[in-house]
Amino acid sequence: MTLQTIDIPDSINRLSYVEGAEHLIDTANDAIEAFMLADQTVIENFVTCDFHLLDQAITWIEQNHLLAGNRFCEFGAGFGVGAMLAALRGMESIGIEIESRLVEQANQVAEGLGNAAEFYCGSFVPRGVEGLTEIAAEVENVSTEEDDVCELIGRELNEFDLFFAFPWPGEHGFFEAVFDACAANGALLLTYRGREGMNLVTKV
Ligand SMILES: C[S@@+](CC[C@H](N)C(=O)[O-])C[C@H]1O[C@@H](n2cnc3c(N)ncnc32)[C@H](O)[C@@H]1O
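What you see as residue numbers is a count from 1 along each chain, following the sequence as written. Residues qualify for local features only when their pLDDT is at least 70, as the model is predicted, and side-chain atom pairs are given and counted only at 80 or more; totals for whole chains, interfaces and linings, by contrast, use all residues. Excluding hydrogens and water, the side-chain figures rest on all heavy atoms present in the structure.

Colleague: Tell me what's going on with the site of the ligand, and back it up with residues and numbers.
Modeller: Residues are classed as near a molecule or strand on a simple rule: at least one heavy atom within 4 Å of it. Of all residues adjacent to the ligand, which total 24 residues, the nearest are Glu74, Gly76, Glu97, Ser123 and Ser143. Any pair of N or O atoms that falls within 3.5 Å is considered a polar contact. Within protein, one atom must be able to donate a hydrogen and the other to accept it, and sequence-neighbouring residues count only if both atoms are side-chain atoms. In the model, a nitrogen atom of the ligand is placed 2.8 Å from a nitrogen or oxygen of the glycine 76 main chain. Between a nitrogen atom of the ligand and a main-chain N or O atom of serine 143, the distance comes to 2.7 Å. Protein chains shield 97% of the accessible area of the ligand, which is 600 Å² for the free molecule. Residue composition of the shell around the ligand, by class: 14 nonpolar, seven polar and three charged. Per-residue accessibility takes into account occlusion by the displayed protein chains alone, with areas from the Shrake-Rupley method and a 1.4 Å probe. Three residue categories are used. Nonpolar comprises Ala, Val, Leu, Ile, Met, Phe, Trp, Tyr, Cys and Pro, charged comprises Asp, Glu, Lys and Arg, and polar comprises the others, including Gly.

So, in structure tokens, the structure goes:
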């Protein structure tokens with residue numbers, strides 16, 4: 001691994017939300033609630049992160065000039081709120097989600113809000129990453145199915161500057177392994193770790 005941790009202070013929870021973020025989050029939360037109530041078949045791996053804290057973490061990253069560029073990618077996007085929060089502040093933003101019903105929902109919310117984030121249905125796990133099979137064996141709540149990711153999104157993963165993911169407890173190593181193998185030097189991986197808050201690493 002060639003990853004270095006960047007400490008995010010707890011005080012980020014006092015930062016103001018970016019303009020439009022609260023409306024976006026409220027709209028998405030309403031859509032998520034309606035989807036959960038209407039849908040009979042539970043998508044077990046789908047839970048949502050703390051969207052407000054995510055917005056504040058992106059603000060902190062911007063304020064500290066940690067971004068090498070303007071491209072954002074959410075691994076396992078769910079309803080795509082992370083990707084939409086990034087697009088709201090002018091980033092070129094995409095989300096990759098394996099469940100087609102969630103991609104449909106993310107697209108609907110984005111369209112309703114006039115948000116420019118783009119969503120792709122498929123797996124964020126690229127083919128042929130060395131050593132990934134061993135780490136994948138310890139992962140239960142992420143699909144480890146491999147995909148032609150570059151073909152899917154029409155870009156290379158090493159073109160993105162900031163990745164976001166919400167791994168299940170104990171499973172962040174899988175996301176870090178994909179990031180380490182595919183991202184450019186200087187790119188950032190932000191993960192939501194539940195009660196521990198946000199975690200940030202950079203590839204050096
Ligand atoms: C814990 S949820 C997080 C959703 C969203 N990022 C958030 O923070 O609200 C993880 C999501 O990853 C999706 N997922 C799991 N494995 C995936 C894979 N290999 N490729 C793309 N999406 C995946 C699941 O369907 C689920 O929607």
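Colleague: Quick rundown of the nonpolar core? Include the residues and the values.
Modeller: The term nonpolar core refers to a set of buried residues drawn from Ala, Val, Leu, Ile, Met, Phe, Trp, Tyr and Cys, joined through side-chain atoms within 4.5 Å. A simple rule labels every residue: compare its accessible area, found with a 1.4 Å probe on the protein chains alone, to the largest value its type can have, and call it buried under 20%, exposed over 50%, or partly exposed in between. In terms of nonpolar packing, the biggest core is built from 44 residues, with Phe79, Phe119, Leu190 and Met198 touching the most fellow members. Elements represented by at least two residues in this core include exactly helix H1 (21–38), helix H2 (51–63), helix H3 (81–88), helix H4 (100–113), strand E5 (162–165), strand E6 (188–192) and strand E7 (198–203). When residues no more than four places from it in sequence are discounted, the contact partners of phenylalanine 79 are Ala31, Ile32, Phe35, Phe46, Met84, Leu102, Gln105, Ala106 and Val109. In terms of nonpolar packing, the next biggest core, distinct from the first, is built from 28 residues, Val125, Leu157, Phe174 and Leu189 among them. Strands here are runs of E lasting at least two residues and helices are runs of H or I lasting at least four, both read from the DSSP assignment and numbered beginning at the N terminus. Here a residue-residue contact requires only that any non-hydrogen atoms of the pair lie within 4.5 Å.

Colleague: Go over the pattern of salt bridges with me, naming the residues and quoting the values.
Modeller: When a carboxyl oxygen of Asp or Glu is within 4 Å of a side-chain nitrogen of Lys or Arg, the pair counts as a salt bridge. Tallied over the full model, the rule gives eight salt bridges. Between glutamate 62 and arginine 89 there is a salt bridge whose closest N-O contact spans 3.1 Å. Of the two residues, glutamate 62 sits in helix H2 while arginine 89 sits in the loop between H3 and strand E3 (92–97), which places them 27 residues apart along the sequence. For glutamate 92, the salt bridge identified is with arginine 71, shortest N-O distance 3.2 Å. Linking glutamate 92 in strand E3 with arginine 71 in strand E2 (residues 71–75), this pair joins segments that are 21 residues apart in sequence. Using a relative accessible area of 24% as the deciding quantity, one classes arginine 71 as partly exposed. A cluster of three or more residues bridged by salt bridges with shared partners is formed by Arg71, Glu92, Glu118, Arg155 and Glu159.

All quantities given are derived from atomic positions and should not be read as evidence of function.
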